[in-house]
Amino acid sequence: MNGLNVKKGDNVLVLAGQDKGKKGTVISASPKAQTVRVEGVNVVTKHVKPRGAQNPGGIMKEPGNIHVSNVQVICPDCGKPTRVAHAIVDGKKARVCKHCGASLDKQAKAAVKKEKKAAKKAKKETEAPAEAAAETTTDAPAKKKATRKTKKAEE
């Protein structure tokens, strides 16, 4: 197996282990080790040594790795845990739900694009009123910076 059927951002169901039956989002995927990290699943305690004033150290809890065979992708359309098929959609190879045939890649990418667009739009909206307010408040003539030439001219 040269790749994983599970990607970062997928919602998955844990099939085996102490957290069997839990659902969560994939935080990271490691194809070489064939493992994934799922939010809130296989939580391990890590003792971190202090590394200066900024990193005080202590006991941290973080999700551990789970083998990819122990999770199953949940289809966003039908909501069922499903095996992943591969098909060509719009000229590109994509992951597809075995139950309903919906593309698993398309919706994840569309959601990311929508978030980026919304963030960009919000940024433009916050900058535009500030610029308009700056233009309206600068009715008074602008003061010139004192340079060597202007200082000599004044003397």
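Just so we're clear, the structure is a prediction, and the values are computed from it rather than from any experiment. (Residues numbered from 1 in each chain as written. Predicted model: local features only at pLDDT ≥ 70, side-chain atom pairs only at ≥ 80, totals over all residues. Heavy atoms only, no water.)

1. Regarding the overall build of the protein
Phase 1: Helices and strands together make up the secondary structure of the protein, namely two helices and 10 strands.
Phase 2: For the protein, the N- to C-terminal ordering of α and β elements is β-β-β-β-β-β-β-β-β-β-α-α.
Phase 3: The buried share of the protein, taken over its 155 residues, is 21%.
Phase 4: In the protein, the share of contacts with a sequence separation of at least 24, taken over all contacts with a separation of at least 6, comes to 38%.
Phase 5: Surface summary for the protein: the accessible area is close to 12100 Å², and the carbon and sulfur share equals 53%. (Helix = DSSP H or I, 4+ residues; strand = E, 2+ residues; numbered from the N terminus. Buried < 20%, exposed > 50% of the residue type's maximum accessible area, 1.4 Å probe, protein only. Contact = heavy atoms within 4.5 Å. Areas by Shrake-Rupley, 256 points an atom, 1.4 Å probe, with all protein chains shown as cover.)

2. Observations regarding the sheet that holds strand β8 (residues 81-82)
Phase 1: Here six strands make up an open sheet; going across it, the order is β6-β3-β2-β1-β7-β8 and the pairing antiparallel. If you trace the sheet from one side to the other, it starts and ends with β6 (65-67) and β8, each paired once. (Pairing = 2+ DSSP bridges.)

3. Comments concerning the nonpolar core
Phase 1: With 17 residues, the main nonpolar core has Val 6, Val 12, Val 36, Val 38, Val 68, Val 71 and Leu 104 as its most contacted residues.
Phase 2: Of all elements in the fold, only β1 (11-14), β3 (35-38) and β7 (71-74) reach the threshold of two or more residues within this core. (Core = buried A, V, L, I, M, F, W, Y, C linked by side-chain atoms within 4.5 Å.)

4. Some words on unusual backbone geometry
Phase 1: At Gln 34, a residue that is not glycine, the phi angle is positive and equals roughly 60°.
Phase 2: Of note, the phi angle at Asn 42 is positive, near 55°, even though the residue is not glycine.
Phase 3: With respect to the element layout, Asn 42 can be found in the loop between β3 and β4 (43-48).
Phase 4: Accessibility expressed as a relative area gives 23% for Asn 42, which makes it partly exposed.

5. Considerations on the pairing of strand β2 (residues 23-30)
When a strand is regular, its side chains alternate between the sheet's two faces.
Phase 1: Summarising the sheet, β1 and β2 pair through three bridges and their orientation is antiparallel. Residue pairing in the sheet places Asn 11 in a bridge with Thr 25 of β2.
Phase 2: As judged from the four bridges shared by β2 and β3, these two strands associate in the antiparallel manner. Looking at the pairing, Ser 28 lines up with Arg 37 of β3.
Phase 3: A loop of four residues connects β2 with β3, the two strands running antiparallel in sequence, and Gln 34 in this loop sits at a positive phi of about 60°.

6. Brief notes about the UniProt feature "domain: KOW" (unreviewed entry) in the protein
Phase 1: Sites flagged by UniProt as "domain: KOW" (unreviewed entry) map to residues 5-32.
Phase 2: Between the C-alpha atoms that bound residues 5-32 the distance is 13 Å, and the span itself is 0% helix and 43% strand. (UniProt positions renumbered as here; feature names shortened; annotations may be inferred.)

7. A short note on the pattern of salt bridges
Phase 1: What the rule picks out here adds up to six salt bridges.
Phase 2: One salt bridge connects Lys 46 with Glu 62, and the closest N-O pair in it is separated by 3.6 Å. Of this pair, Lys 46 sits in strand β4 while Glu 62 sits in strand β5 (residues 58-63); the two residues are 16 residues apart in sequence, bridging distant segments of the chain.
Phase 3: With relative accessibility at 42%, the residue Lys 46 sits in the partly exposed group.
Phase 4: Under the relative-accessibility criterion, Glu 62 is labelled partly exposed at 25%.
Phase 5: Among the charged side chains, a network of salt bridges with common partners joins Lys 7, Asp 10, Arg 95 and Asp 105. (Salt bridge = Lys/Arg side-chain N within 4 Å of Asp/Glu carboxyl O.)

8. Examining the environment of Val 68
Phase 1: On the secondary structure map, Val 68 appears in the loop between β6 and β7.
Phase 2: The exposure class of Val 68 is buried, given its relative accessible area of 11%.
Phase 3: Along the chain, Val 68 and Pro 31 lie 37 residues apart, while their C-alpha atoms are 9.0 Å from each other.
Phase 4: Leave out the neighbours within four places in its chain, and Val 68 touches Leu 4, Val 6, Gln 34, Thr 35 and Val 36.

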